[in-house]
Amino acid sequence: EEIGASAFNQTQINNITLPSSLTTLGRESFAACYSLTGITIPDRVCVIPSECFKDCSALTTVDLGAGVTTIDDLAFYGSGITEITLGENIEAINTMAFDSTALSNVYILNPFIQIEYSSQNDPNDPFPSTATISGVSGSTTGQYATTTGKSFQAIPNMGVCGTSSYWKFDDT
């Protein structure tokens with residue numbers, strides 16, 4: 001199933017339950033839905049497309065399904081998100097994906113994620129300058145935080161082994 005481009009753009013929707021059979025969200029499908037407060041992305045959706053939730057200023061809760069691998073340009077630009085966890089399956093975060101948000105905490109679980117940026121003060125940086133980035137020690141996430149001058153916190157009990165694998169220690 002699919003939600004087409006601009007399907008709910010600029011509507012007064014404040015709550016929606018997306019079907020588990022959903023596989024595709026269209027560009028700007030929920031853009032400028034100023035009353036939308038939360039969204040759960042089903043596991044079958046792979047890409048959060050460009051400007052999908054742009055300017056959803058009341059959007060504070062986002063649960064990304066396990067199938068999401070890419071967050072495109074401006075996907076959550078101007079939304080109300082203050083914290084997000086990007087799971088192990090997220091492979092790429094593109095330019096300005098979370099720019100102009102109040103995002104203060106970003107948890108990135110994939111140590112080999114590709115984050116599109118070029119340098120500190122890059123106007124196309126995916127995350128606001130005030131965000132604290134948490135990730136695996138020795139990961140691309142740490143390199144990104146260092147290069148862009150963001151605060152970095154290592155996630156305990158996780159580490160990188162070589163260039164393509166990582167470990168998690170579960171002490172329970």
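Residues numbered from 1 in each chain as written. Predicted model: local features only at pLDDT ≥ 70, side-chain atom pairs only at ≥ 80, totals over all residues. Heavy atoms only, no water.

A. Representation of the overall build of the chain in the model. Looking only at helices and strands, the chain features 1 helix and 13 strands. The order of helices and strands in the chain, counted from the N terminus, is β-β-β-β-β-β-β-β-β-β-β-α-β-β. Of all 172 residues assigned to the chain, the portion counted as buried reaches 48%. Carbon and sulfur atoms make up 45% of the accessible area of the chain, which totals about 8,100 Å². (Helix = DSSP H or I, 4+ residues; strand = E, 2+ residues; numbered from the N terminus. Buried < 20%, exposed > 50% of the residue type's maximum accessible area, 1.4 Å probe, protein only. Areas by Shrake-Rupley, 256 points an atom, 1.4 Å probe, with all protein chains shown as cover.)

B. Region of the structure containing the packing of aromatic side chains. Summed over all chains, the structure comprises 7 aromatic pairs. An angle of 5 degrees between the planes, with centres 5.1 Å apart, marks the rings of phenylalanine 8 and phenylalanine 30 as stacked. One end of the pair, phenylalanine 8, is in the loop between strand 1 (2-3) and strand 2 (24-25); the other, phenylalanine 30, is in the loop between strand 2 and strand 3 (38-40), with 22 residues separating them in the sequence. The buried category is assigned to phenylalanine 30, whose relative accessible area is 0%. (Phe/Tyr/Trp six-rings, centres within 6.5 Å; stacked < 30°, edge-to-face > 60°.)

C. Structural view of the environment of glutamate 116. Inspection of the secondary structure puts glutamate 116 in the loop between strand 10 (114-115) and strand 11 (132-137). A relative accessible area of 37% places glutamate 116 in the partly exposed class. C-alpha separation for the pair glutamate 116 and methionine 96, spaced 20 residues apart in sequence, amounts to 8.7 Å. Contacts of glutamate 116, omitting those with residues within four sequence positions, involve Ile93, Asn94, Thr95, Asn124 and Pro126. (Contact = heavy atoms within 4.5 Å.)

D. Quick look at the pattern of salt bridges. The tally for this structure, following the rule as stated, stands at 3 salt bridges. Among the ionic pairs, glutamate 51 bridges to arginine 27, the shortest N-O distance being 2.7 Å. Here glutamate 51 is found in the loop between strand 4 (47-48) and strand 5 (61-63), whereas its partner arginine 27 is found in the loop between strand 2 and strand 3, with 24 residues between them in sequence. Residue classification places glutamate 51 among the buried positions, given a relative accessible area of 12%. (Salt bridge = Lys/Arg side-chain N within 4 Å of Asp/Glu carboxyl O.)

E. Representation of the environment of serine 6 in the model. On the secondary structure map, serine 6 appears in the loop between strand 1 and strand 2. When the C-alpha atoms of serine 6 and alanine 31 are compared, they prove to be 7.1 Å apart, with 25 residues separating the residues in sequence. The residues touching serine 6, leaving out its near neighbours within four places in the chain, are Arg27, Glu28 and Ser29.

F. Geometry of the nonpolar core. Counting 40 residues, the largest nonpolar core has Ile48, Ile71 and Phe127 as the members making the most contacts within it. If near-sequence neighbours (up to four positions away) are discounted, phenylalanine 127 is found in contact with Leu86, Ile93, Phe98, Leu103, Val106, Ile108, Ile115, Ile133, Tyr144 and Lys150. (Core = buried A, V, L, I, M, F, W, Y, C linked by side-chain atoms within 4.5 Å.)

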